Amino acid sequence: SDPHNPLLRALAVRTMGCIRLEQMTEYLLEPLRRSCSDTDPYVRKTATMCVAKLYDINPELVEDQGFLEILRDMLGDANPMVVANAVASLCEISTSARQNFLKLDEDVISRLLPALNQCSEWGQVFILDALALHDPPNSKVAEAILEKGVVATLHHHNSAVVLSAIKVIMKFMDRLS
């Protein structure tokens, strides 16, 4: 058990997140908090999904401990897979809470678009689906979002990515002049 091995750290957080007992949540908090700021992107990526699992068990604890803010901060991570997983976690939490925790604005979108073309295809689907929920304030913003990231995904070999891109374009169509 080498504490310097990022795969072991990620596996430990994933395993702790799979123990879905309310009594265990207190023991998960600090390791999860450390994992969210770990130097290794794989550990951070794994931690984002663990936050969503913890939210299913105890939503108040996740909110009180500041994990939603941590996830929002992770939207600006240098690693595109961490960004995509943070989007996926925030969307999952938002769906279960029936409340928008992703809160897309120009700042957040400017952090998502660079990650869009660098993450895995499923990460792209998560980001595109999140963008489809956004209501751009005007045609200029809608065009910028489409041009800076969405249009390039139309040439992707994965049909799920293409369909998600089309969904964003169709949603933004009303805003385009």
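Up top you'll find the structure we're talking about.
Residues numbered from 1 in each chain as written. Predicted model: local features only at pLDDT ≥ 70, side-chain atom pairs only at ≥ 80, totals over all residues. Heavy atoms only, no water.

## Comments concerning the environment of valine 62
What counts, and what does not: For helices the rule is a DSSP run of H or I covering at least 4 residues; for strands it is a run of E covering at least 2, with both sets numbered from the N terminus onward. A 1.4 Å probe rolled over the protein chains alone gives each residue an accessible area, and that area as a share of the maximum for its type sets the label: buried under 20%, exposed over 50%, partly exposed in between. Residues are treated as being in contact if the distance between any of their heavy atoms lies within 4.5 Å.
For valine 62, the location among the structural elements is in helix α4 (residues 59-64). Judged by its relative accessible area of 0%, valine 62 falls in the buried class. Placed ten residues apart in sequence, valine 62 and alanine 52 show a C-alpha to C-alpha distance of 8.9 Å. Setting aside chain neighbours within four positions, we find valine 62 in contact with Val51, Leu54, Tyr55, Phe67 and Leu68.

## What to know about the pattern of salt bridges
Stated precisely, the cut-off is as follows: What makes a salt bridge here is a side-chain nitrogen of Lys or Arg within 4 Å of a carboxyl oxygen of Asp or Glu, nothing more.
Applying the stated criterion across every chain, the model contains eight salt bridges. Linking aspartate 38 and arginine 9 is a salt bridge whose minimum nitrogen-to-oxygen distance equals 2.9 Å. A residue pair is termed long-range when its members are at least 10 positions apart, and aspartate 38 in the loop between α2 (25-36) and α3 (41-57) and arginine 9 in helix α1 (residues 6-18) qualify at 29 residues. Using a relative accessible area of 14% as the deciding quantity, one classes aspartate 38 as buried. The partner of aspartate 56 in a salt bridge is arginine 20, and the shortest N-O contact between them spans 3.3 Å. Placement of aspartate 56 in helix α3 and of arginine 20 in the loop between α1 and α2 is noted, with a sequence separation of 36 residues between them. Residue classification places arginine 20 among the partly exposed residues on the basis of a relative accessible area of 45%.

## As for helix α5 (residues 67-74)
In terms of residue burial, α5 counts as a mostly covered element, since six of its eight residues are buried. At its buried positions, α5 is contacted by α2, α3, α4, α6 (80-97) and α7 (106-116).

## Side note on the side chain of serine 35
Test applied: Polar contacts here mean pairs of N or O atoms no more than 3.5 Å apart (in protein, one a potential hydrogen donor and the other a potential acceptor; neighbouring residues in sequence count only if both atoms are side-chain atoms).
Following the sequence through the fold, serine 35 ends up in helix α2. At a separation of 2.8 Å, a polar atom in the side chain of serine 35 contacts the main-chain carbonyl oxygen of proline 31.

## Focus: the layout of surface pockets
The method is simple in principle: a probe with the dimensions of a water molecule rolls over the atoms, and the space it marks as empty is what remains. For the record, the criterion: Points on a 1 Å grid, built from protein atoms alone, make a cavity when a 1.4 Å probe fits but cannot get out and make a pocket when they are open with protein on both sides within 12 Å along at least 5 of 7 lines; residues with an atom within 4 Å of a point are the lining residues. Grid points are joined across faces, edges and corners, and a volume is the space filled by probe spheres set on the points.
In this structure, the largest pocket encloses a volume near 170 Å³. Forming the walls of the largest pocket are Glu106, Ile109, Ser110, Leu113, Lys140, Val141, Ala144, Ile145 and Lys148. Within the residue set of the lining of the largest pocket, elements represented by two or more residues are α7 and α9 (139-150). With five residues, the top contributor of residues to the lining of the largest pocket is α9.

## Notes on the packing of aromatic side chains
Defined as follows: Centre distance within 6.5 Å is the pairing criterion for rings of Phe, Tyr and Trp, where only the six-membered ring of Trp is used; planes under 30 degrees apart are then read as stacked, over 60 as edge-to-face, and the remainder as tilted.
Using the criterion set out here, one finds one aromatic pair in the structure. Between tyrosine 55 and phenylalanine 101, the aromatic rings sit 6.2 Å apart at their centres with planes inclined by 65°, giving edge-to-face as the arrangement. Taken together, the residues tyrosine 55 in helix α3 and phenylalanine 101 in the loop between α6 and α7 connect sequence positions 46 residues apart. Both residues of the pair, tyrosine 55 and phenylalanine 101, count as buried.

## A word on a negative patch on the surface
Here is the rule: Residues enter patches when they are more than 30% accessible in relative terms and free of salt bridges; like-charged ones are connected within 9 Å and nonpolar ones (Val, Leu, Ile, Met, Phe, Trp, Tyr) within 5 Å. Note on areas: Shrake-Rupley, 1.4 Å probe, and residue coverage restricted to the protein chains presented here. Charged-residue counts in this description rest on Lys and Arg as positive and Asp and Glu as negative, His and the chain ends being excluded. Charge positions are represented by NZ for Lys, CZ for Arg, CG for Asp and CD for Glu.
Taken together, the side chains of Glu22, Glu26, Glu60, Glu63 and Asp64 present a region of like negative charge at the surface. With three residues, the top contributor of residues to the negative patch is α4. Among the secondary structure elements, glutamate 22 is positioned in the loop between α1 and α2. What makes glutamate 22 partly exposed here is its relative accessible area of 48%.

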